[in-house]
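Notes for the structure review
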Amino acid sequence: MNKRTPLLGAHMSIAGGFDKSVQRARQATCDCVQIFTKNNNQWRAKKLGEEEAARFQAALDEENITAPIAHTSYLINLASPDDTLWKKSIDAFVEELLRIEQLKIPFLVQHPGAFTTSSEEAGLQRIVEALDEAIGQTADLKAGCLLENTAGQGSNLGWKFEHLAWILDHVENPDRFGVCIDTCHAYAAGYPLDTRKEYLATIRQLNQTIGTSSIKAFHLNDSKREFGSRVDRHDHIGQGHLGLEPFRHLLNDRRFRGVPMYLETPKGSDPDTGEDWDQINLSTLRALLE
């Protein structure tokens, strides 16, 4: 892989085993891969075996797939004012950190959380307390957490860069944290990316609040909904309201050449050509490289 070429990949299913996700990534022409470490819509997960983890590592080596990351379950809400759900979320988050450590995956992507019946301020404080508790319980691990920006649906926090910056500024162990920036979420949250001027202004805001050095991953998704809609609906690259230009700006930004970028676009095949959508989207992205 040319060092000047971005690492491009996609989220892949772990059905049949973690090693199968890597094989799917290679078939889709990925350089890197994102996975769930368990069923993302269930709290419980069967214990991860050493052989499973070893097969995953072997597959990464064999298929030449790098920069694996994992995404947490969508059930986790570290901002919840409900003590039962909050504690359950912390336990689940800790379990996922333990699982990625076993799989030798460096980062776990986590949506900050939704404050529901409390307030923005209370929700942010709750997130920091939850993260401190989870990181405290896993102090001997190398595994880190990437906070993801959100579209801002409902009471979801993290749609403002300032939310992420506040959390990073207040956690006890900031070295275990970074940020994952989702293009669809940023656009839906009201951060313009269309023209080069708008893109540079948004990245400048990112740098002034979070710091671009904290960005350890990108999610590359077009948006089914319009700018500032605060609605999270992913679309294929170039087929949504974002169009191609924001991706052209990002892919050719030398500051992010070493940061892996993962598709979370709809799965399946193009009904006209039968070609896999991940392959189509990756090909579309690579064609934007200058």
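This write-up is about the structure you can find in this document. Quantities reported herein were computed from a predicted structural model and do not represent experimental measurements. (Residues numbered from 1 in each chain as written. Predicted model: local features only at pLDDT ≥ 70, side-chain atom pairs only at ≥ 80, totals over all residues. Heavy atoms only, no water.)

Points about the packing of aromatic side chains
For the structure on display, the rule yields five aromatic pairs. With a centroid separation of 6.2 Å and 70° between ring planes, the pair formed by phenylalanine 18 and phenylalanine 56 is classed as edge-to-face. With phenylalanine 18 in helix α1 (residues 18-27) and phenylalanine 56 in helix α2 (residues 50-63), the pair connects residues that are 38 residues apart, well separated along the chain. The pair phenylalanine 18 / phenylalanine 56 is uniform in exposure class, with both members buried. Taken together, a centroid distance of 5.0 Å and an interplanar angle of 75° make the contact between phenylalanine 218 and phenylalanine 256 edge-to-face. Taken together, the residues phenylalanine 218 in strand β9 (residues 215-220) and phenylalanine 256 in the loop between α8 (245-251) and β12 (261-263) connect sequence positions 38 residues apart. In terms of burial, phenylalanine 218 and phenylalanine 256 fall into one category: buried. The ring of tryptophan 86 carries arginine 126 above its face, with NZ or CZ at 4.0 Å from the centroid. (Phe/Tyr/Trp six-rings, centres within 6.5 Å; stacked < 30°, edge-to-face > 60°. Helix = DSSP H or I, 4+ residues; strand = E, 2+ residues; numbered from the N terminus. Buried < 20%, exposed > 50% of the residue type's maximum accessible area, 1.4 Å probe, protein only. Lys NZ or Arg CZ within 6 Å of the ring centre and 35° of its normal.)

Let's talk about the pattern of salt bridges
Where charged atoms from two side chains of opposite charge approach closely, those side chains can pair. Throughout the structure, instances matching the rule amount to nine salt bridges. When the shortest N-O distance is used, the salt bridge between arginine 55 and glutamate 51 registers 3.9 Å. Remark: glutamate 51 and arginine 55 occur in helix α2; sequence separation between them is four residues, near one turn of the helix. Owing to a relative accessible area of 40%, arginine 55 belongs among the partly exposed residues under this scheme. What makes glutamate 51 exposed here is its relative accessible area of 62%. (Salt bridge = Lys/Arg side-chain N within 4 Å of Asp/Glu carboxyl O.)

Here's the deal with the nonpolar core
With 77 residues, the main nonpolar core has Phe93, Leu131, Phe218, Leu220 and Phe256 as its most contacted residues. In terms of residue count, helix α3 (residues 83-103) provides more of this core than any other element does, eight residues in total. Leucine 220 has contacts with Leu8, Thr183, Ile237, Phe247, Leu250, Leu251, Met261, Tyr262, Leu263, Glu264, Thr265 and Leu285, leaving out every residue within four places of it along the chain. Counting eight residues, the second largest nonpolar core, distinct from the first, contains Val109, Leu146, Cys180 and Tyr262. (Core = buried A, V, L, I, M, F, W, Y, C linked by side-chain atoms within 4.5 Å. Contact = heavy atoms within 4.5 Å.)

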